[in-house]
Amino acid sequence: MTDLHVAIIMDGNGRWATARGRPRNWGHRQGAESVRSVVGAAPDLGIRTLTLYAFSSDNWKRPQSEVSVLMKLFRRYLRTEIDELRDNGVRVKVIGRRDRLASGLVTAIERAEEQTAGGERLELRLAVDYSSRDLMLEAIRIAAAASDIERKDLVTLIGHAMNGDGEAPDVDLLIRTGGERRLSDFLLWECAYAELYFTPTMWPEFHGSELAAAMDDFRARDRRFGRVAVAS
Ligand code: FPP
């Protein structure tokens, strides 16, 4: 199966660093290397859309120093990787709120989206200041103004709430690293029929080979979408 949508909750940077006697922010920097590795590996694994949970709306509650390092990392990633991403056919899209981000980061996001708009091998969606519940609420607010709303309309509205994208693509496989088993307000609508894959591997140690193993596990599953199994 190709054209898959894989979403990843990149968890465990802080614990991984702390376990090595290093500051949490060092773990985030190493985590950025894992992002590079996974993005490089994704297209050849049949992944067409990759959504990475970079910063949840609840992450604003972290110490200011950690938030600031994360924001700098996102900005640097968007600036330094852009040529390579474009050359590799990766289209970048950032989902989530932008009104609380620093103007320098918003500019980097807009440039990255513009400069990679022609990419057709992989859509890389970075979720920054993202809350699935907030987006659904936003979609419902828009819907409340319309009459006769149907499910397909709500899908479009949720997509629209995500920066005017027009669609909320279903997730095929949701991966969470770092040993926790929860969704943390990520793509709640889009994960209705997602297969879930939880691994104890901390994000800084999750690379292309770990993504390949997750895809093997996914491909061995029987996805029935509410139907009964077909007798063989
Ligand atoms: C959760 O792990 C991770 C985050 C909130 C940040 C994710 C950010 C990166 C992977 C950095 C680079 C990203 C990009 C897009 C360049 P945690 O550190 O909170 O884990 P913990 O549970 O061990 O504390």
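Here, every reference points to the structure presented above.
Student: Explain the overall build of the protein chain to me, please; I cannot follow it from the model alone.
Tutor: Along the protein chain, the regular secondary structure elements total eight helices and six strands. Along its sequence from the N terminus, the protein chain presents helices and strands in the succession β-α-α-β-α-α-β-α-β-α-α-β-β-α. For the protein chain, the C-alpha radius of gyration of 18 Å lies close to 17 Å, the compact-globule estimate for 232 residues. The principal-axis extent of the C-alpha atoms belonging to the protein chain is close to 50 × 50 × 35 Å. Pairs at least 24 apart in sequence give 74% of the contacts found in the protein chain among residues at least 6 apart.

Student: For this particular structure, what's the right way to read the site of the ligand?
Tutor: For the ligand, the set of nearby residues contains 17 residues, the closest of which are Asp11, Gly14, Arg15, Arg24 and Arg62. For the ligand, an oxygen atom lies 2.8 Å from a polar atom in the side chain of Arg24. Summarising the interface, the protein chains cover 93% of the accessible area of the ligand, which totals 620 Å² for the free molecule. Only α1 (13-19), α2 (24-41) and α3 (64-80) provide two or more residues apiece to the shell around the ligand. When residues in the shell around the ligand are grouped by element, the largest group, four residues, is from α2.

Student: Looking at this model, I keep getting lost on the pattern of salt bridges. Mind explaining?
Tutor: Side-chain pairing between opposite charges can occur once the charged atoms of the two side chains come close. Applying the stated rule across the entire model yields 24 salt bridges. The partner of Glu33 in a salt bridge is Arg36, with the nearest N and O atoms 2.5 Å apart. Of the two residues, Glu33 and Arg36 both sit in helix α2, three residues apart, roughly one turn of that helix. Residue class for Arg36 comes out partly exposed when judged on its relative accessible area of 29%. Linking Arg223 and Asp172 is a salt bridge whose minimum nitrogen-to-oxygen distance equals 3.0 Å. You can see Arg223 sitting in the segment after α8 (208-219) and its partner Asp172 sitting in the loop between α7 (151-161) and β5 (173-176), a full 51 residues away along the chain.

Student: Hey, could you run me through the packing of aromatic side chains in this one?
Tutor: Here a ring pair, both rings aromatic, is described through the centre-centre distance and the interplanar angle of the planes. The final tally for this structure, using the stated rule, is eight aromatic pairs. For the pair Tyr53 and Tyr130, a centre-to-centre distance of 5.8 Å together with 90° between the ring planes defines the contact as edge-to-face. Separated by 77 residues along the polypeptide, Tyr53 in strand β2 (residues 47-56) and Tyr130 in strand β4 (residues 122-130) bring together distant segments of the chain. The same class applies to Tyr53 and to Tyr130, which are both buried. For the ring pair Tyr53 and Phe186, a centre distance of 4.1 Å and an interplane angle of 10° mean the geometry is stacked. You can see Tyr53 sitting in strand β2 and its partner Phe186 sitting in the loop between β5 and β6 (195-198), a full 133 residues away along the chain. Taken together, the ring pairs in this structure connect Tyr53, Tyr130 and Phe186 into an aromatic cluster. A cation over a ring is seen here: Arg22 above Trp26, with NZ or CZ 4.0 Å from the ring centre.

Thresholds, definitions, all that
- Residues numbered from 1 in each chain as written.
- Predicted model: local features only at pLDDT ≥ 70, side-chain atom pairs only at ≥ 80, totals over all residues.
- Heavy atoms only, no water.
- Helix = DSSP H or I, 4+ residues; strand = E, 2+ residues; numbered from the N terminus.
- Rg over C-alpha atoms; globule rule 2.2 N^0.38 Å.
- Contact = heavy atoms within 4.5 Å.
- Near = heavy atom within 4 Å.
- Polar contact = N/O pair within 3.5 Å; in protein donor to acceptor, adjacent residues only side chain to side chain.
- Areas by Shrake-Rupley, 256 points an atom, 1.4 Å probe, with all protein chains shown as cover.
- Salt bridge = Lys/Arg side-chain N within 4 Å of Asp/Glu carboxyl O.
- Buried < 20%, exposed > 50% of the residue type's maximum accessible area, 1.4 Å probe, protein only.
- Phe/Tyr/Trp six-rings, centres within 6.5 Å; stacked < 30°, edge-to-face > 60°.
- Lys NZ or Arg CZ within 6 Å of the ring centre and 35° of its normal.

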